[in-house]
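# Fold and contact review
Below are the chains, spelled out letter by letter.
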Amino acid sequence: MELRQLEYFVAVAEEQNFTRAAERVHISQSGVSAQIRQLERELGTELFDRSPRTVTLTVAGKAALEHARAALAAAGALGQAVGEVTDLIRGRLTVGMVIGCTLTPLFDALAAFHQAHPGVEISLLEDNSDRLVEGVRAGAIDLALIGAATATPDGLDALTIISERLVAAVPAGHPLAGQRRVTLHDLVAYPIVCMPPGTGLRTVFDQACAAQSLRPAITLQASAADAIADLAARGLAVAVLSNSMAARYRDRLTARTIDDLETPALLALIWKSTRSPAVRELLVHSRQAFTEPDPA
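Residues numbered from 1 in each chain as written. Predicted model: local features only at pLDDT ≥ 70, side-chain atom pairs only at ≥ 80, totals over all residues. Heavy atoms only, no water.

### Considerations on unusual backbone geometry
Going by this rule: Under the scheme used here, helices are H or I runs from DSSP no shorter than 4 residues and strands are E runs no shorter than 2 residues, and both carry numbers assigned from the N terminus. Burial status follows relative accessibility: with a 1.4 Å probe on protein chains alone, a residue under 20% of its type maximum counts as buried, one over 50% as exposed, and anything between as partly exposed.
For Gln-16, which is not a glycine, the phi torsion comes out positive at approximately 55°. Inspection of the secondary structure assignment puts Gln-16 in the loop between α1 (3-15) and α2 (18-25). Look at Gln-16 and you get partly exposed, because its relative accessible area is 40%. Even without glycine at this site, Ser-213 takes up a positive phi of about 55°. One can find Ser-213 in the loop between α8 (200-211) and β9 (218-221).

### Details of the layout of surface pockets
For the record, the criterion: Cavities and pockets were defined on a 1 Å grid built over protein atoms only: a cavity is a set of grid points that admits a 1.4 Å probe from which the probe cannot escape, a pocket is an open set flanked by protein on both sides within 12 Å along at least five of seven lines, and lining residues are those with an atom within 4 Å of any such point. Grid points are joined across faces, edges and corners, and a volume is the space filled by probe spheres set on the points. Under the scheme applied here, ten amino acids are nonpolar (Ala, Val, Leu, Ile, Met, Phe, Trp, Tyr, Cys and Pro), four are charged (Asp, Glu, Lys and Arg), and all others, including Gly, are polar.
By volume, the second largest pocket amounts to about 460 Å³. Lining the second largest pocket are 23 residues, with Ile-162, Ser-242, Ser-244, Met-245 and Leu-267 positioned closest to its centre. Of all the secondary-structure elements, those providing two or more residues to the lining of the second largest pocket are α5 (104-116), β6 (157-164), α8, α10 (243-247) and β12 (265-271). Of all the elements, β12 adds the most residues to the lining of the second largest pocket, at three residues. Looking at the lining of the second largest pocket residue by residue, the classes come out as 13 nonpolar, eight polar and two charged.

### Some thoughts on the nonpolar core
The condition that has to hold: Among buried residues, the Ala, Val, Leu, Ile, Met, Phe, Trp, Tyr and Cys ones that are joined through side-chain atoms within 4.5 Å form a nonpolar core. What makes two residues a contact is simply this: any of their non-hydrogen atoms within 4.5 Å.
If you look at the biggest cluster of nonpolar residues, it comprises 39 residues, and the most contacted ones within it are Leu-166, Leu-184, Leu-187, Phe-205, Val-240, Leu-241 and Leu-261. Where this core is concerned, the elements lending two or more residues are β7 (166-170), α7 (184-187), β8 (192-194), α8, α9 (225-233), β10 (238-242) and α10. Contacts of Leu-241, omitting those with residues within four sequence positions, involve Arg-165, Leu-166, Val-167, Leu-201, Ala-225, Ile-228, Ala-246 and Tyr-249. One finds Cys-101, Phe-113, Ala-144 and Leu-283 within the second-largest nonpolar core, a separate group that totals 31 residues.

### Topic: the environment of Ala-168
In this structure, Ala-168 sits in strand β7. For the pair Ala-168 and Val-240, spaced 72 residues apart in sequence, the C-alpha separation works out to 4.9 Å. The residues touching Ala-168, leaving out its near neighbours within four places in the chain, are Val-182, Leu-187, Val-238, Ala-239, Thr-254, Ala-255, Arg-256 and Ile-258.

### Regarding the sheet that holds β9
As a reminder, the rule being used: Two strands qualify as a pair provided that DSSP identifies no fewer than 2 bridges between them. Note on definitions: angles span 0 to 180 degrees between N-to-C directions of axes, and those axes are lines fitted to C-alpha atoms, for helices only across the stretch in contact.
Strand order in the open sheet formed by five strands is β9-β8-β10-β7-β11, with mixed pairing between adjacent strands. This sheet does not close on itself; its edge strands, each paired only once, are β9 and β11 (254-257). Looking at each pair of strands side by side, their axes are set apart by 35° on average, direction ignored. As judged from the two bridges shared by β8 and β10, these two strands associate in the parallel manner. Across the sheet, the residue bridging to Val-193 is Ala-239, located in β10.

Written out as structure tokens, the structure reads:
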């Protein structure tokens, strides 16, 4: 029994598909299938029920999965422990980033980390904040940059990067542009364009509306601030953005702080454990990147 067989077994179990598993571990599908068959022969039982559309675990496969994950984790921990002793960090680091994020300090942190520790393979994936939190909790993601409505998701550690009020952003000539004060009640009289559910900004907005029993007409949704601003600038809806997001579009949108929405939207780095030296090192570079003064 080899560690690579266990890695392929876990990949197939999680992907429920041999093709996707092969792409994940970067070998051919036939190679994955052959190694799984060899593992099954060694164990004396089939681990998967195979069908043309999907692959599911047998009873034996379900029993084996937890132990396979534990064996891979133990092997990884062994390598990391030796790496710490020799002052060398190796392995794999999976970093998550909320969809639509345009903060370059995260990329600066990854670049500095890679330069200092080229032996670590870095994977970067985008998703909404809710799924990133789930990924960090499950151990599939080592560290993630998320939008949040609370400073620290339950069971995780966090470093707040940005904490900002929400604003309504409208083009010149819109009735809200002429108001000094804008409330949620004013805002829900108009169609709204906002980020989708699962993002920190949307969670803050939805919770504030629910607290006042308001039902906003969110007619348009987009994950990127640029798209939200473009839609609002064309008069299709009122944009709900954070203060710094809206500031980038001051040439075509007027931003008004929503007076009765005091809960800030947060952008935060989250992680579950710093037992990994790679995670600890990336946090060092991230803190440095996000706290350096803006040259502008």
